[in-house]
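Chains, contacts and geometry: an overview
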Amino acid sequence: MKFMSDEIVNKVAQSQLVTIDLENYYPSEEIAVFDLKPHLFMELILKEKEFRTALQNNDWSVYQNKIVAVTCTADAIIPMWAYMLVASYLQPVAKDVIVGDENTARQQLFLKNINAIKAEEFAEKKLVIKGCGDVPIGEYAYLAITKKLMPVAKSIMYGEPCSTVTIFKRK
């Protein structure tokens, strides 16, 4: 008669799976928003002279060492040079300047962090891209991490080490 062993074996720990938690790459920096709308005539029309004066009189120090998302919440036609002019004021003080709203800036920073991953550290490894967490992570991040690591990984799975969906397996 065969008896079951009292020892519990953690097969996940023995599997040599490497879990990647995308929350570790989620940007935590504060993002300030610079809206062009208050600097427009009647919050609708860009008049160059008034716009330049408004920018010259703006307190740019509030953006010191911050990520700044430059947007226009008014339904106005903004010439391209206006964004360039705003960037010329922000560049000396801001940590980074991104066109778009706060969500767009966060997405761009997230992708930048993913792209900075040294893929060679994951060469020939069995990877699990964690699927659940406290931070809502968009599909763009899962796509980006797959593109980044697929050329080097032995396999890529999605989910938790105890329950995964195979995405890619090198032959």
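Scroll up to find the structure.
Residues numbered from 1 in each chain as written. Predicted model: local features only at pLDDT ≥ 70, side-chain atom pairs only at ≥ 80, totals over all residues. Heavy atoms only, no water.

**Quick word on the packing of aromatic side chains**
What counts here: For Phe, Tyr and Trp, where Trp contributes only its six-membered ring, two rings pair if their centres lie within 6.5 Å, and the inter-plane angle classes them as stacked under 30 degrees, edge-to-face over 60, or tilted in between. Numbering of helices and strands starts at the N terminus; helices are DSSP runs of H or I of at least 4 residues and strands are runs of E of at least 2. The cut-offs for exposure are 20% and 50% of the maximum accessible area for each residue type, with area from a 1.4 Å probe on protein chains only; residues under the lower value are buried, those over the upper are exposed, and the others partly exposed.
Here the structure, examined in full by the defined rule, presents eight aromatic pairs. With centroids separated by 6.2 Å and ring planes inclined at 75°, the aromatic side chains of Phe51 and Trp81 adopt a geometry described as edge-to-face. Of this pair, Phe51 sits in helix α2 (residues 48-56) while Trp81 is found in helix α3 (residues 80-90), placing the two residues 30 residues apart along the sequence. On the accessibility criterion, Phe51 (0% relative accessible area) is buried.

**What to know about the pattern of salt bridges**
Our working rule: For this analysis, a salt bridge means a side-chain nitrogen from Lys or Arg found within 4 Å of a carboxyl oxygen belonging to Asp or Glu.
Enumeration according to the criterion identifies seven salt bridges in this entry. Between Asp21 and Lys130 there is a salt bridge whose closest N-O contact spans 3.6 Å. With a gap of 109 residues between them, Asp21 in the loop between β1 (17-20) and β2 (31-35) and Lys130 in strand β5 (residues 126-130) connect regions that are remote in the sequence. The exposure class of Asp21 is buried, given its relative accessible area of 18%. Since its relative accessible area comes to 23%, Lys130 is described here as partly exposed.

**Let's talk about helix α4 (residues 102-115)**
Worth spelling out the cut-off: Here, expected helix span is obtained from the residue count minus one, scaled by 1.5 Å. Two residues qualify as a contact provided that any one of their heavy atoms is within 4.5 Å of a heavy atom in the partner residue.
If you check α4, its first and last C-alpha atoms are 20 Å apart, about what 14 residues at 1.5 Å a residue would give, namely 20 Å. Those residues of α4 that fall on the buried side of the exposure criterion are Ala105, Arg106, Leu109, Phe110 and Ile114. On the buried face of α4, the contacting elements are β2, β3 (67-71), β4 (96-99) and α5 (139-149).

**Focus on the sheet that holds β1**
The following threshold applies: Only strands joined by at least two bridges in the DSSP assignment are considered to pair. Orientation is described by axes fitted as lines to C-alpha atoms, over the contacting stretch for helices, and by angles from 0 to 180 degrees between their N-to-C directions.
Spatially, four strands are ordered β1-β5-β6-β7 in an open sheet, and the strand pairing comes out mixed. Lying at the two open borders of the sheet, with one neighbouring strand each, are β1 and β7 (163-169). Averaged over neighbouring strand pairs, the angle between their axes works out to 30° when direction is ignored. Sheet topology places β5 next to strand β6 (residues 155-160); five bridges connect them, and they run parallel. Across the sheet, Lys126 pairs through a bridge with Ser155, a residue of β6. Relative to the sheet, α5 contacts β1, β5, β6 and β7, its axis offset from that of β5 by approximately 165°.

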